[in-house]
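# Structural overview for review
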Amino acid sequence: MAPVLNIVIGSHVWVADKDLTWIDGEVFKIDGQNAHVCTTKGKTVTANVSDIHPKDTEAPPDGVDDMTRLSYLHEPGVLDNLAVRYAKNIIYTYTGNILIAINPFQRLPNLVDVQTMEKYKVSCAPVGLY
């Protein structure tokens, strides 16, 4: 059973968008199961409350290096965090012990310097026979 989220007037949320996949905004009215959202792109959208995802308003503007630090780990939050970091040429992002790498299709300075390689180096312990 999915958790019930408390979406109220003033909630910062993500709603589906046919052009952008997800768009963020603020709930300004609720009619039963429908929430009316004023998006940051100036659109007014009506969506079922069950189709809305809360937005992490405390995430830093540069995104987080490990997505387990996001308040809400859902599709729009993950995609936004990856997009923010990609726009800043930060192509590596962790989700727990999983490293996500986004191909920048260009050479990035400092991508293969010792400091960067050490930050993302996987420690391999020898496997013993039992």
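Residues numbered from 1 in each chain as written. Predicted model: local features only at pLDDT ≥ 70, side-chain atom pairs only at ≥ 80, totals over all residues. Heavy atoms only, no water.

Looking up the protein chain in an unreviewed UniProt entry gives the name Myosin motor domain-containing protein, with the organism given as Aegilops tauschii subsp. strangulata. Quoted verbatim from the Sequence similarities (unreviewed entry) heading of the UniProt record, the comment on the protein chain is "Belongs to the TRAFAC class myosin-kinesin ATPase superfamily. Myosin family." (UniProt positions renumbered as here; feature names shortened; annotations may be inferred.)

Within the protein chain, the regular secondary structure consists of two helices and seven strands. If you list the helices and strands of the protein chain from N to C, you get β-β-β-β-β-α-β-β-α. Across the 130 residues that make up the protein chain, the buried fraction comes to 30%. Counted over contacts in the protein chain with a minimum sequence separation of 6, partners at least 24 positions apart contribute 30%. Carbon and sulfur atoms make up 56% of the accessible area of the protein chain, which totals about 9,300 Å². (Helix = DSSP H or I, 4+ residues; strand = E, 2+ residues; numbered from the N terminus. Buried < 20%, exposed > 50% of the residue type's maximum accessible area, 1.4 Å probe, protein only. Contact = heavy atoms within 4.5 Å. Areas by Shrake-Rupley, 256 points an atom, 1.4 Å probe, with all protein chains shown as cover.)

For the rest of this paragraph, the subject is the pattern of salt bridges. Applying the stated criterion across every chain, the model contains seven salt bridges. With a shortest N-O distance of 3.5 Å, Asp19 and Lys18 are connected by a salt bridge. The class for Asp19 is exposed, based on a relative accessible area of 56%. Note that Asp65 and Arg69 form a salt bridge whose closest N and O atoms lie 2.7 Å from each other. Judged by its relative accessible area of 32%, Asp65 is partly exposed. Classification of Arg69 by relative accessible area gives exposed; the value is 53%. Salt bridges linked by common partners bring Asp17, Lys18, Asp19 and Lys43 together as one network. (Salt bridge = Lys/Arg side-chain N within 4 Å of Asp/Glu carboxyl O.)

Moving on to the sheet that holds strand β2 (residues 21-31). The strand order β4-β3-β2-β1-β5 describes an open sheet built from five strands, whose pairing is antiparallel. On the outer flanks of this sheet lie β4 (44-48) and β5 (53-54), each paired with one strand and no other. Inspection of the sheet shows strand β1 (residues 12-17) paired to β5 by two bridges, in the antiparallel sense. When the bridges of β5 are listed, Val13 appears paired with Pro54. Set on the sheet, helix α1 (residues 75-87) makes contact with β1, β2 and β5; between it and β2 the angle comes to about 135°. (Pairing = 2+ DSSP bridges. Axes fitted to C-alpha atoms, helices over the stretch in contact; angles between N-to-C directions.)

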